[in-house]
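Take a look at the letters that make up each chain.
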Amino acid sequence: MTANKGLTTNYQLPITNYQNGRFILMRLSWIEKLGDKNPQLLREIKGRFKPRNLVISIVISLLGQFFLFRIFQAKLPSASQGWSMPTRHPLCTGDQWEYSIPECLTDAAGNLLINWQMWWWDVFYTVSKFGVFALILAGTYTLISDLANEERRDTLNFIRLSPQSAKSILIGKLLGVPSLLYIVVGLAVPLHLIAGIGAHVPLSLIFSFYGLVIASCIFFFSAALLFGLVSAWLGGFQAWLGSGAAFVCLFIATAKPVLHTPSDWLNLFSPFLIFEQIAKATELENYSLSLLSTADLELFYLPIGDALWATLGLAVLNFGVGTYWIWQALQRRFHNPSKTIFSKSQSYLMVASLETILVAFAATTPKYRYSTNLGHNFQELLVYNLVLFICLIVTLTPQRQTLQDWARYRRERVSNRQKFLSSLLVKDLTWGEKSPAIVAIALNLAIAATTLTLWITFVLQPIDKQPAFLSMVIGGNLLLICAAIAQLLTFMRAQKQGLWIAGALGAVILLPTAILTVLSIAPQQIPGLWLFTPFAWFALEKASNTTIFLALLGQWSAVTLCTIRMTRQIQRAGESSTKTLMSDRPSLPVG
């Protein structure tokens, strides 16, 4: 028997070694496949999936869930809260008489009857709220911080030189950098599911909420990657500023009420957009919900807030369109940081899509406490367009060296006998990557003006149409002046060109308004001065036709002078670049 026993033991050892070797080979095969598909993702995972990091992530998640469960367990009604059983408690099941607090009832054995559905709803709601905020804010911070560290160690340029595409590298970053955070959140999913089932939330709504959270994470994490690429000059403050901006965006999208104004578009960026429908599906009478209410959400006067799948589809579409444009910018800027964030052709489509969504939310009667006039919606449209085009000017304006190269190329290719407005030049100014951006800004203004004109024609009341149209023209002229000034500033020899341009445009937009406000000059007192600010709407009521004409003439004169000055600078830059290039060429020896 002993011999047989030893024989059996000796026979099993090779099998065990074979099984271990097969497991190791399978693991290596899986890692090799991952490395072949996305080497950057493998690099990020191998750098983070250390035993110590994994243990810390698991412990943080489990301990957080344990303490949260204990906190809610302590909220259950019991005799320990006083000398006797409580008479009223939010989790009791009796009638609600005083202060909407239910009366506590007991069963035949003297045990309190607890509203477990309400208790599980509180757990579900708390895990959802804190989990989503922690996931997005922490993920945004880690992505921006990782790009800043790569830039500081000069490893980002090494990654750019790899044969991988920008899309593959950035997807590896997006999936790999917050991978430990995904583990922390993933371990909390079972508790969240159990709480949702205990609160009688349909599984279809739970998974719809998960889908919306995933779409929002992709959007915010993609925006974090873009912010990390274009703001490397911020240094250590970069990650804090980016995550703070994400928090402000999430807070506004979640806390802002629906007002039937263009600002309702911001609510579509909330991962909790369908949470009110989830709460109603539980059929609880007094559920706790401090998040936004979307029941009144309208689009082109269509009540989509009450329709769950319409609201969900619109939110996912909004995140999808936003993510698409962010990735267009990411793929342009990753391998070539000197490129503009968007191309001119991309800007036309982007402006058209943004104008459409803003106008769709503006075509509803506002719910202001002091007014329900649609003119207020148009004023909001002008403000959003002002912000949009300031950002567009900064992102489309090429750098100094790019303009010099373009000017030299134009000088060498186009003879002096050709007219300035040749078809080739117009095409280059409209679609070219290196040409000045003022023509592209003008075309984008034409796209926005067309959309707003249709809105003015079919939505506004007749009494508001003339001031709305004049406000749009005055605002467009102001933005053209800003575009020309931004193009002139590109010839200034200074670092951080984008910061200088943004500061100058901010001064042009805000400084006149600030001065008039400090001097207590109201639009009704001297309307002519306010016509040169973004708030011309308030001055048009008191301004005469002569004053309006002189203001428009002054703006057009400023645009013309800035354009002439810009053309001369471009020509001078092309001449100097050509002379420098010719002087650097070695002369041929004379035989």
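This text gives an overview of the structure that appears in the document. (Residues numbered from 1 in each chain as written. Predicted model: local features only at pLDDT ≥ 70, side-chain atom pairs only at ≥ 80, totals over all residues. Heavy atoms only, no water.)

In terms of regular secondary structure, the chain is built from 22 helices and 2 strands. Across the 591 residues that make up the chain, the buried fraction comes to 46%. Surface exposure of the chain reaches about 31600 Å², of which carbon and sulfur atoms provide 66%. (Helix = DSSP H or I, 4+ residues; strand = E, 2+ residues; numbered from the N terminus. Buried < 20%, exposed > 50% of the residue type's maximum accessible area, 1.4 Å probe, protein only. Areas by Shrake-Rupley, 256 points an atom, 1.4 Å probe, with all protein chains shown as cover.)

On inspection of all chains with the given rule, the structure shows 27 aromatic pairs. Relative to Trp 119, the ring of Phe 69 lies with its centre 5.7 Å away and its plane at 85°, an arrangement referred to as edge-to-face. Here Phe 69, found in helix H3 (residues 51-74), pairs with Trp 119, found in helix H4 (residues 116-152); they are 50 residues apart in sequence, far enough to count as distant. The exposure class of Trp 119 is buried, given its relative accessible area of 3%. Here a set of aromatic residues connected by ring pairs shows up, and it is made of Trp 121, Phe 124, Tyr 125, Phe 133, Phe 207, Phe 209, Tyr 210, Phe 247, Phe 251, Phe 272 and Phe 275. In this structure, Lys 75 is placed above the aromatic ring of Phe 72, and the distance from its NZ or CZ to the ring centre is 4.7 Å. (Phe/Tyr/Trp six-rings, centres within 6.5 Å; stacked < 30°, edge-to-face > 60°. Lys NZ or Arg CZ within 6 Å of the ring centre and 35° of its normal.)

Residues Val 55, Val 59, Leu 63, Phe 66 and Phe 67 make up a contiguous nonpolar surface patch of roughly 470 Å² in combined accessible area. Counting through the fold element by element, Leu 63 comes out in helix H3. (Patch = residues over 30% accessible without salt bridge, like charges linked within 9 Å, V, L, I, M, F, W, Y side chains within 5 Å. Salt bridge = Lys/Arg side-chain N within 4 Å of Asp/Glu carboxyl O.)

Here we take up the packing of helix H17 (residues 438-458) against helix H18 (residues 462-489). Between H17 and H18, the least distance of the axes is 10 Å, while the angle of their chain directions is 170°. Put simply, H17 runs roughly antiparallel to H18. For the element pair H17 and H18, the recorded crossing hand is right-handed. Touching Ile 438, Ile 441, Ala 442, Leu 445, Ala 449, Leu 452, Thr 453, Ile 456 and Thr 457 of H17 are Lys 465, Ala 468, Phe 469, Met 472, Gly 476, Leu 479, Leu 480, Ala 483, Ala 484 and Gln 487, all from H18. Residues that form the contact of H17 with H18 fall into these classes: 14 nonpolar, 4 polar and 1 charged. (Axes fitted to C-alpha atoms, helices over the stretch in contact; angles between N-to-C directions. Parallel < 35°, antiparallel > 145°, perpendicular 65-115°, else oblique. Left-handed = near helix turned anticlockwise from the far one by under 90°. Contact = heavy atoms within 4.5 Å. Nonpolar A, V, L, I, M, F, W, Y, C, P; charged D, E, K, R; others polar.)

Let us look at the nonpolar core. One broad trend across soluble globular proteins is that nonpolar side chains are buried collectively. One finds Trp 121, Ile 278, Phe 378 and Trp 455 to be the most contacted residues of the largest nonpolar core, which totals 135 residues. Membership of the second largest hydrophobic core comes to 13 residues, among which are Ile 474, Ile 521, Leu 540 and Ile 548. (Core = buried A, V, L, I, M, F, W, Y, C linked by side-chain atoms within 4.5 Å.)

Residues of helix H8 (residues 189-198) that are buried: Leu 191, His 192, Ala 195, Gly 196 and Gly 198. All buried residues of H8 project into a common sector of 160° when viewed along the axis, lining one side. Immediately downstream of H8, the backbone of His 200 shows phi near 65°, a positive value. (Arc of directions from axis to C-beta.)

A word on the pattern of salt bridges. Applying the stated criterion to the full structure yields 10 salt bridges. Close ionic contact of Arg 43 with Glu 44 constitutes a salt bridge, the shortest N to O distance being 3.4 Å. Among the salt bridges present, the one from Glu 44 reaches Arg 48, with a minimum N-O distance of 2.5 Å. Taken together, the residues span about one helical turn, with Glu 44 and Arg 48 both in helix H2 (residues 39-48) at a distance of 4 residues. Residue class for Arg 48 comes out buried when judged on its relative accessible area of 18%. Among the ionic contacts, a cluster of salt bridges with common partners joins Arg 43, Glu 44, Arg 48, Asp 146, Glu 150 and Lys 173.

A separate point is the environment of Asp 146. Residue placement: Asp 146 occurs in helix H4. Along the chain, Asp 146 and Gly 228 lie 82 residues apart, while their C-alpha atoms are 8.7 Å from each other. Beyond its immediate sequence surroundings of up to four residues, Asp 146 is in contact with Glu 44, Arg 48, Lys 173 and Val 177. For Asp 146, the side chain forms a polar contact with the side chain of Arg 48, separated by 3.0 Å. (Polar contact = N/O pair within 3.5 Å; in protein donor to acceptor, adjacent residues only side chain to side chain.)

At Asp 154, a residue that is not glycine, the phi angle is positive and equals roughly 60°. Mapped onto the fold, Asp 154 is located in the loop between H4 and helix H5 (155-160). Backbone geometry at His 200 places phi at a positive 65°, although glycine is not the residue there.

We now examine the side chain of Ser 222. Within the fold, Ser 222 resides in helix H9 (residues 203-230). By relative accessible area, which is 0% here, Ser 222 ends up buried. One polar contact links the side chain of Ser 222 to the main-chain carbonyl oxygen of Ile 218, over a distance of 2.6 Å. The residues touching Ser 222, leaving out its near neighbours within four places in the chain, are Leu 174, Cys 217, Thr 323, Ile 326, Trp 327 and Leu 330.

Let us look at the environment of Asn 267. Residue placement: Asn 267 occurs in the loop between helix H10 (238-255) and helix H11 (275-281). Separated by 15 residues in sequence, Asn 267 and Ile 252 place their C-alpha atoms 7.6 Å apart. Within the local environment of Asn 267, its side chain forms a polar contact with the backbone oxygen of Ala 253, the two atoms lying 3.1 Å apart.

The next thing to look at is the side chain of Gln 487. Summarising the element assignment, Gln 487 is placed in helix H18. Given the relative accessible area of 1%, Gln 487 is considered buried. The residues touching Gln 487, leaving out its near neighbours within four places in the chain, are Thr 397, Pro 398, Leu 403, Pro 436, Ala 437, Ile 438 and Met 566.

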